[in-house]
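As a plain string of letters, each chain reads:
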Amino acid sequence: MIVAEQKALDEIRQLVGDAKQVLVVGCGTCVTVCFAGGAKEAGVLGSLLRMAAQMDGQPAAVTEVTVQRQCEWEYLDAIRGPVEKADVVLSIGCGIGVQALAERYPDAVVVPGLNTKFMGMPAEHGEWVERCAACGNCLLGLTGGICPIARCSKQLLNGPCGGSSQGKCEVGCGDSAPDCAWQLIYQKLAAQDRLHLIMEITPAKDWRSSRDGGPRKVVRADLKLPQPDIKE
Amino acid sequence: MNDSDGALSNLQKVLKAGHFAVTTELGPPKNADAEAVRHKARLLRGCADAVNITDNQTAIVRMSSIAAGVLAWQEGLEPVIQMTCRDRNRLAMQSDLLGAYALGMRNILCLSGDHQTFGNHPQAKNVHDMDSLQLVQMVVGLRDHNRFQCGEEIKGQSPRFFVGAAENPFGDPFDWRPYRLAKKAKAGADFIQTQLVFNVPRFRQFMTKVVELGVHRQLRILAGVGPLKSPAAARYMRDQVPGMDVPDAIVERMEAAGQGIADKKARAAAYKEEGIRICVETIAQMREIEGVAGIHLMAIEWEEAVSVITERAGLLPRPTFETPAVVSESA
């Protein structure tokens, strides 16, 4: 899932400015699951904004709506009415949701209420961890299902570096330090008697498949809809 | 490495001739003062076969290792240019390699680099386009295949470096370290400098495995050694530096050295003396370990100690080569 965190209220209020009509748009998918931008958070944030505006003596009408997925046109189309009425649309979807809203409603002022953090998962209650960096050329088959690009602080493909100590990464301290990805890779492959996979040198990566090659796009010709015949 | 062109680095000649090699370290200043480099270089002259010039060590901005290397070279030292993968992508690294060679540099040490969060620009974006092993492959490719990393041929002079890398025998997972060293040999590294050795038995254990794997025949291993300045420094290294292994016995020995000395200055001197003594003893132990071809002496911001230690360890004078190096079977 995409993991996000709400911005500080002060920053959100600055982004909203003196808008009289504010629409808070939650998203029912990833950010709901990570308790950052679902219907519940939209409600709480809406109330906070109303209260803050009241206290400032500049009451604003804040309404909330949550769509199933902010990153798909069909769900966004369903909220055209409230979006068009709002002075500011405060999206608490991930960065993709914010952009989808801004693109679907070119006249709307859309601002983000969240900081999108990473692609990851809940490791335990209240704790989410990064798992994938979307490099575009998965090498998990070589590394025992543990990604050194997302999980090694230096993205080493032939790790670990000299700072690996007692299973922890040198970045961060004590228990808060992340696990050393290469310690995990080593342990996993050793336990499975598959260390031969990392005996070979992994050559320098071709980062073109990653963000370094420019914005990416996946095209599936087999899924494209036929262009309708437009008859004059 | 094909050395028929006779352009061997001094360090390479020393190792080839089978001498017990000595390298040390020079940290460039946090400013643009050439004299600061020259001053340090003069303190190290004649004490080592080559001197590592650190590359933004501990992720703190300092004078470029190549620029400082050239200054040190002008003072009569042979530099080992350290190059980390933290700050530059493959384009920048290769262009710097071409430049460093053109300026007369002949040794490179390929490192991942300390993470930028430790340094004075924790806000910086780190690069890590490549890792240290891939950097070794790249530098070797420039030299042995006359090709850039992309595969394109180098037309004209290719940089022909003596290629080093580092390994930390005390990092985890301990059992994997000799194999990772073997990967560095496979990548084409000519020599290795290790993390500081304080835990000699553990280092011996590491070297036993290295020798068993035959890696010591594929590259030359210089054991990292260095003098402790004080018990506080020893404790700091033991407790705060990831991947360092300083046994309690060493810390206690440093503490004991100052006991009963009331005068602060005298106590500090006693600590330093003990640190030097431990270092000299460690060097003697390193010379007895199979597969150790020399030492890399790190006296961080204590360059004055280098001549004292090398002298007392019986490592001076360093070999000089008026004529081309003697080709010995052992090298």
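Residues numbered from 1 in each chain as written. Chains lettered and ligands numbered in written order. Predicted model: local features only at pLDDT ≥ 70, side-chain atom pairs only at ≥ 80, totals over all residues. Heavy atoms only, no water.

A.B. asks: Can you help me understand the nonpolar core in this one?
C.D. replies: Membership of the largest hydrophobic core comes to 75 residues, with the highest contact counts inside it found for L26, F161, F203, M286 and I295 of chain B. The greatest single-element share of this core, amounting to seven residues, is contributed by helix α5 (residues 132-144) of chain B. Leave out the neighbours within four places in its chain, and F203 of chain B touches P169, F170, T194, V197, A223, M286, I289 and V292 of chain B. Listed in part, the 25 residues of the second largest apolar core include I12, A19, V24 and A53 of chain A. (Core = buried A, V, L, I, M, F, W, Y, C linked by side-chain atoms within 4.5 Å. Buried < 20%, exposed > 50% of the residue type's maximum accessible area, 1.4 Å probe, protein only. Helix = DSSP H or I, 4+ residues; strand = E, 2+ residues; numbered from the N terminus. Contact = heavy atoms within 4.5 Å.)

A.B. asks: Help me out: how do you make sense of the sheet that holds strand β4 (residues 88-91) of chain A in this one?
C.D. replies: Strand pairing in a sheet is mediated by backbone hydrogen bonds. Such pairs are either parallel or antiparallel. All names here are of chain A. In spatial order, the strands read β3-β2-β4-β5; together these four strands make up an open sheet with parallel pairing. Strands at the two margins of the open sheet, each flanked by one partner only, are β3 (61-67) and β5 (110-112). Mean inter-strand twist for the sheet, computed between neighbouring axes without regard to direction, equals 25 degrees. Of the pairings in the sheet, the one linking strand β2 (residues 21-27) to β3 comprises seven bridges and is parallel in character. Its bridge partner lying in β3, V25 is registered against V65. Packed onto the sheet, helix α3 (residues 39-55) meets β2, β3 and β4 and runs at close to 170 degrees relative to β3. Against the sheet, helix α6 (residues 95-104) contacts β2, β4 and β5, and its axis sits at roughly 175 degrees relative to β5. (Pairing = 2+ DSSP bridges. Axes fitted to C-alpha atoms, helices over the stretch in contact; angles between N-to-C directions.)

A.B. asks: Please clarify how the domain arrangement of chain A should be interpreted in this entry.
C.D. replies: Here the domain parsing of chain A yields domain 1 (2-117) and domain 2 (134-213). Placing the centre of domain 1 of chain A and that of domain 2 of chain A at their C-alpha centroids yields a distance of 37 Å. (Domains from an automatic or database assignment.)

A.B. asks: For this particular structure, what's the right way to read the sheet that holds strand β6 (residues 191-196) of chain B?
C.D. replies: Residue and element names in this part refer to chain B. In space, the eight strands of this closed barrel follow the order β1-β2-β3-β4-β5-β6-β7-β8, with parallel pairing throughout. Strand-to-strand twist across the sheet, computed as the mean angle between neighbouring axes with direction ignored, equals 30 degrees. Relative to strand β8 (residues 292-297), strand β7 (residues 220-225) runs parallel, the two being bridged by five bridges. Residue A223 lies in a different strand from β8, and its bridge partner there is I295.

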